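Now for the letters of each chain:
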Amino acid sequence: MHAAATKKKSGQTDEKAPLEAAVVVTAAQSGEVIALIGGRETGYNGFDRALDAARPMGSLVKPFVYLTALETKRYNATTVIQDEPIDVRLRNGTHWKPQNFTKEIYGPVPLVRALSESLNLATVGLGLDVGLPNITRTLQRFGLQRPPVEVPAMTLGAVDISPLEVAQIYSGLATGGFRSQLRAVRAVISDDGKPLKAFPLEVTQVAAQDAVFQLNRMLEVVMEHGTGRAARSVLPPGLVVAGKSGTSSELRDSWFAGFSGSHVAVVWVGYDDNRPTGFTGSSGALTVWARLMAGLDTTPRAAAMPDTLASVNIEFATGQRAEKICADDLVAVAVPLGSEPAWKPGCENEAATLVEKAGEWLRDMIRK
Amino acid sequence: MMLSSSLQLRVLGLLAAALVLTGCQSLFGPPVSVPPRSGPPSGTAQPSPQTPTPPGQPPAPVPTPPTPSAPPKEFRLSAASTALVKQGRAQSLKGEYPAAIATLERALRIEPDNPLVWLELGQTHLSAKNAPQAESMARKAIALATGNPALQASGWRLVGDAYRARGRDLDATEAYQKANASSPR
């Protein structure tokens, strides 16, 4: 496993450039560390980037902003939020004016689209609404060690973190809201096989199952429609995965973190001296992540939907409820029962007619 | 599109309803071949199933789900896990709890998503007087047992037992109520 991961990493980068990378792979449910790569020189026993590097996490923080929003129950995946210019006056009197990566303004967008296209302005607005201290608490519940500086830029990932810590907090998502301390050692055993010290699995519930399920469904949309979709051509068909890209300012750090049914994988690509890499999370780390995932013997995500939720199809652009016969760009999201969005105008009747017809066909079939 | 459209779900729902009507549903039953362990009694604090609605509160609205409920999801232990669970119980009976837990964690490595293994681990932690971990493992089992109310009820009973072991009787009662709501005994 370790060797395979090393190969994947070096196969992706120009051997002459001192571009560095770190990779962490863990078993999703048990939190056991399966592979840990601290840099190009895997035998080097000094600075291990996977453990010791503290780099800005960029948009890897966004799932925790959106989870905090879902937990308020004022938002769901179809809630329309505004992607609009933001000007925050900071305590020191300066102004902070973030921009989208594309420098465009997207206007009204459903939550699921804002997350899967990693829109900055919509996310900052959402983060300020749910409250920075609440986002900090969410991150710490999931296992972030160093408390972030509570400034609006934290909603875009001005939070220093190591690749192993990213694996820790994403494990809590992969397990549906249960945190287990990542472990590399199960037990220490004496010469004659007697256990001297055991490190048993410990689990703590850190978020409600239905909130995490809603978020994870959105992170699956990231892989189908959003910044993770380039992985699709590399991954085996039918391997359902969830994930998020991350890019720090001026392309200094390229991240991708995500999970299948059985594995969590985190990839960081960057320079030790903090030079810009020229890679976004999607163009750099994701290509490594996708090949790594494709090479693992892993299983698709298959968590059962809690019965407090309903699965609905919505139009990606608008968040309106729709079906294939009346919309092109559909995504499936999970929302709390009773929070299903309004139908796209004209769509409901067409869909209802089809359901009615299907019912008739079925009754005919059973009579025969 | 990786997920069934709600349209397909509705059609499936109709199909499921048709199956129920034609009497094809006999999926309940003991999901494990391992005999049930004798744990601490969990029935003492359970309220009567006919708890009346408290005065002043309107009766809970009956939700009309968009799809008729599907048959319960079944969970079974693989042969390897069954052997490990038996071994774990034997170790547990001898009071060798760390060994029992290590054995069950091996079963977990084989099938990490099986709520039956998590329930077993939770029971063992409770026997080992580690009630907080017993509760967490039970909650994990409940989450993984989505779609099987009977198994979720076992999880809630274990949560209740774990609370009671810590003297949190009110929380325990609430957990037993959830067990009864999931799957009345």
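All figures in this text were calculated on a predicted structure; none of them were measured in a lab.

Scoring rules and cut-offs
Residues numbered from 1 in each chain as written. Chains lettered and ligands numbered in written order. Predicted model: local features only at pLDDT ≥ 70, side-chain atom pairs only at ≥ 80, totals over all residues. Helix = DSSP H or I, 4+ residues; strand = E, 2+ residues; numbered from the N terminus. Buried ≥ 20, exposed ≤ 12 C-beta atoms within 10 Å, placed from the backbone. Contact = placed C-beta atoms within 7 Å. Axes fitted to C-alpha atoms, helices over the stretch in contact; angles between N-to-C directions. Parallel < 35°, antiparallel > 145°, perpendicular 65-115°, else oblique. Nonpolar A, V, L, I, M, F, W, Y, C, P; charged D, E, K, R; others polar. Core = buried A, V, L, I, M, F, W, Y, C linked by C-beta atoms within 7 Å. Pairing = 2+ DSSP bridges. pLDDT = per-residue confidence, 0-100. Left-handed = near helix turned anticlockwise from the far one by under 90°.

Trainee: Honestly, the overall build of chain B in this entry has me stumped. Any pointers?
Mentor: A tally of regular secondary structure across chain B gives 7 helices and 0 strands. When the helices and strands of chain B are listed from N to C terminus, the series reads α-α-α-α-α-α-α. With 185 residues in all, chain B has 36% of them scored as buried. Nonlocal contacts in chain B, meaning residues at least 24 apart in sequence, comprise 62% of its contacts between residues at least 6 apart.

Trainee: Mind showing me how you'd approach the packing of helix α6 (residues 149-165) of chain B against helix α7 (residues 169-182) of chain B here?
Mentor: When two helices pack together, their arrangement is given by the angle between their axes and by how far apart the axes lie. Residue and element names in this part refer to chain B. Two elements in contact, α6 and α7, have axes whose closest approach is 8 Å; the angle formed by their N-to-C orientations is 170 degrees. The angle between α6 and α7 places the two elements in the roughly antiparallel class. Here P149, Q152, A153, W156, R157, V159, G160, Y163 and R164 of α6 lie close against α7, whose contacting residues are D169, D171, A172, A175, Y176, K178, A179 and S182. Residue composition of the contact of α6 with α7, by class: 9 nonpolar, 3 polar and 5 charged.

Trainee: It is not clear to me how the environment of R139 of chain B should be interpreted in this structure. Could you clarify?
Mentor: Residues and elements named next belong to chain B. Note on placement: R139 falls in helix α5 (residues 131-144). R139 gets classed as buried once you count the C-beta atoms within 10 Å, which come to 24. With 11 residues separating them in the primary sequence, R139 and A150 have C-alpha atoms 14 Å apart.

Trainee: Help me understand the nonpolar core in this model?
Mentor: As a rule of thumb, nonpolar side chains are buried together in soluble globular proteins. Of all hydrophobic cores here, the largest spans 95 residues; its most connected members are Y170, M218, V267, W289 and V333 of chain A. At 9 residues, helix α8 (residues 209-225) of chain A tops the list of elements feeding residues into this core. In this structure, V267 of chain A is in contact with A21, V23, W255, F256, A285, V288, W289 and L292 of chain A, ignoring residues within four places of it in sequence. In terms of nonpolar packing, the next biggest core, distinct from the first, is built from 37 residues, F75, A100, L119 and V159 of chain B among them.

Trainee: Hey, could you run me through the sheet that holds strand β14 (residues 253-259) of chain A in this one?
Mentor: Either a parallel or an antiparallel arrangement is found when strands of a sheet pair, and the pairing is made through backbone hydrogen bonds. Residues and elements named next belong to chain A. One open sheet accounts for 5 strands, arranged β2-β1-β15-β14-β13; its pairing is antiparallel. The open sheet has two edge strands, β2 (33-37) and β13 (242-247), and neither has a second partner. For this sheet the average axis-to-axis angle between neighbouring strands, irrespective of direction, equals 5 degrees. On top of the sheet, helix α7 (residues 163-174) reaches β1 (20-27), β14 and β15 (263-270); it is set at about 145 degrees to β15, its chief contact. Those strands touched by helix α9 (residues 285-295) are β1, β13, β14 and β15, and its axis lies near 150 degrees from that of β15.

Trainee: Would you mind going over the confidence of the model for chain B with me for this structure?
Mentor: All names here are of chain B. Per-chain confidence: chain B averages 76 in pLDDT, with 62% of residues scoring 70 or above. Predicted confidence for residues 38-54 stays below pLDDT 50, and this span has 17 contacts to residues more than four positions away or in other chains. For residues 61-67, every residue scores under 50 in pLDDT, and the model assigns this stretch 6 contacts once sequence neighbours within four places are set aside. As a predicted assembly, this complex carries a pTM of 0.82 together with an ipTM value of 0.83.

Trainee: Can you walk me through the packing of helix α3 (residues 62-71) of chain A against α8 of chain A in this structure?
Mentor: Residue and element names in this part refer to chain A. Running from amino to carboxyl end, α3 crosses α8 at an angle of 135 degrees, the nearest separation of the two axes being 9 Å. Between α3 and α8, the interaxial angle falls into the category oblique. You can see that α3 and α8 cross each other, and the crossing is right-handed. Judged by residue contacts, P63, Y66, L67, L70 and E71 of α3 engage A211, V212, Q214, L215, M218 and L219 from α8.

Trainee: So what exactly am I meant to see when it comes to unusual backbone geometry here?
Mentor: All names here are of chain A. Here the phi dihedral of L251 falls at roughly 60 degrees; this positive angle occurs in a residue that is not glycine. Relative to the helices and strands, L251 is located in the loop between β13 and β14. Judged by the 19 C-beta atoms lying within 10 Å of it, L251 is partly exposed. Even without a glycine there, the phi angle at N274 is positive, about 75 degrees. In this fold, N274 is placed in the loop between β15 and α9.

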